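What follows is each chain in one-letter form.
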Amino acid sequence: MKKKLRLFSCLVFLGSLLNAQFNERPIMNLENEDLHLLNWGYFLGFNQYDFKFEYKDDLGDLLVDKSLGFNVGLIGELRLNKFLDLRFEPGLHYTSRTVGFRGFDNENDAIREVKSTYINFPLLLKVSTKRIGNWKPFIVGGASTSLNLGSNEDSVEDNSGATFRMKKQTYYYEMGFGIDFYLEYFKFSPSIRGVFAINNELVPDNDPNSPWTGNINTMKTRGIFINFTFE
């Protein structure tokens, strides 16, 4: 219920913001905001991470129960020209996924809760349109790497000891879109972004025939971010 209330509050806020910004003759806010060589800010948002599995044999898909996570971070932006900006957005991402394995009668063996805290380092190119009144659409894309503080990569225990192991470092490509809104005192930018892992994140169990990881060829993160940026 609390998650639904937070999302509803965000939608109400965005609705009132759109009504104020998309009128015919708005008062121009922050007219020199995009002329600075460097800009700084921070972001807050939500995430939902998933896994994409590739299997050695077709024995049925693993089940992944996704949950809503939280993002927070900083923004550094370098102006390249009127339409291009280079952005660095280091952030902390909290998320949790539950993986269900087939072939077990005991729930303690069949279920693994994967809690992750990522320190993410994306380098992104932001491509904007011409400013229209007090708003400006943009697309953004680039590459990133992250450190998973809850990876258990160095653990000697594996799934036979109820420990699900992942690699500590992951590489991604990211792409998304959003809108800059120029308010009276700051620029507010809601955006949606997809993140896609490039490398295999699974650390297999010690037993190559493990009933948990023996049939998994690769495991890669897929995720979606909804961020609210303040500059």
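Residues numbered from 1 in each chain as written. Predicted model: local features only at pLDDT ≥ 70, side-chain atom pairs only at ≥ 80, totals over all residues. Heavy atoms only, no water.

Undergrad: Looking at this structure, how should I read the side chain of N159?
TA: Relative to the helices and strands, N159 is located in the loop between β7 (135–148) and β8 (169–182). Overall, N159 belongs to the buried group, its relative accessible area being 1%. A polar contact of 3.0 Å, which involves the side chain of N159, links it to the side chain of D205. Those residues within four positions of N159 in sequence are excluded, and the remaining contacts are R112, F164, D205, W212 and T213. (Helix = DSSP H or I, 4+ residues; strand = E, 2+ residues; numbered from the N terminus. Buried < 20%, exposed > 50% of the residue type's maximum accessible area, 1.4 Å probe, protein only. Polar contact = N/O pair within 3.5 Å; in protein donor to acceptor, adjacent residues only side chain to side chain. Contact = heavy atoms within 4.5 Å.)

Undergrad: Can you walk me through the packing of aromatic side chains in this structure?
TA: Here a ring pair, both rings aromatic, is described through the centre-centre distance and the interplanar angle of the planes. Tallied over the full model, the rule gives eleven aromatic pairs. Pairing F51 with F53 gives two aromatic rings, centres 5.8 Å apart and planes at 55°, and the pair type is tilted. F53 carries the same exposure label as F51, and that label is buried. Of the aromatic side chains, those joined through ring pairs into one cluster are Y42, F186, F188, F228 and F230. Here the basic side chain of K126 rests over the ring of F138, its NZ or CZ set 4.5 Å away from the ring centre. Stacked on the ring of Y182, the Lys or Arg R131 has its end atom at 3.7 Å from the ring centre. (Phe/Tyr/Trp six-rings, centres within 6.5 Å; stacked < 30°, edge-to-face > 60°. Lys NZ or Arg CZ within 6 Å of the ring centre and 35° of its normal.)

Undergrad: Teacher, can you tell me more about the pairing of strand β10 (residues 216–230) here?
TA: A regular strand places its side chains so that they alternate between the two faces of the sheet. The sheet contact formed by strand β1 (residues 38–55) and β10 spans 14 bridges and is antiparallel. Within β10, the position partnered with F43 by the bridge is T229. The sheet contact formed by strand β9 (residues 187–197) and β10 spans nine bridges and is antiparallel. Bridged to P190 within β10 is F228. (Pairing = 2+ DSSP bridges.)

Undergrad: Explanation requested: the pairing of strand β3 (residues 69–79) in the structure shown.
TA: In terms of strand pairing, β1 meets β3 through ten bridges, oriented antiparallel. Looking across to β3, one finds that W40 is bridged to G76. Note that β3 and strand β5 (residues 91–100) share four bridges and pair antiparallel. When the sheet's bridge partners are listed, N71 is paired in β5 with H93. As defined by bridge partners, β3 adjoins strand β4 (residues 84–88) across four bridges and the pair is classed as antiparallel. Considered in β4, the bridge of E77 is made with R87.

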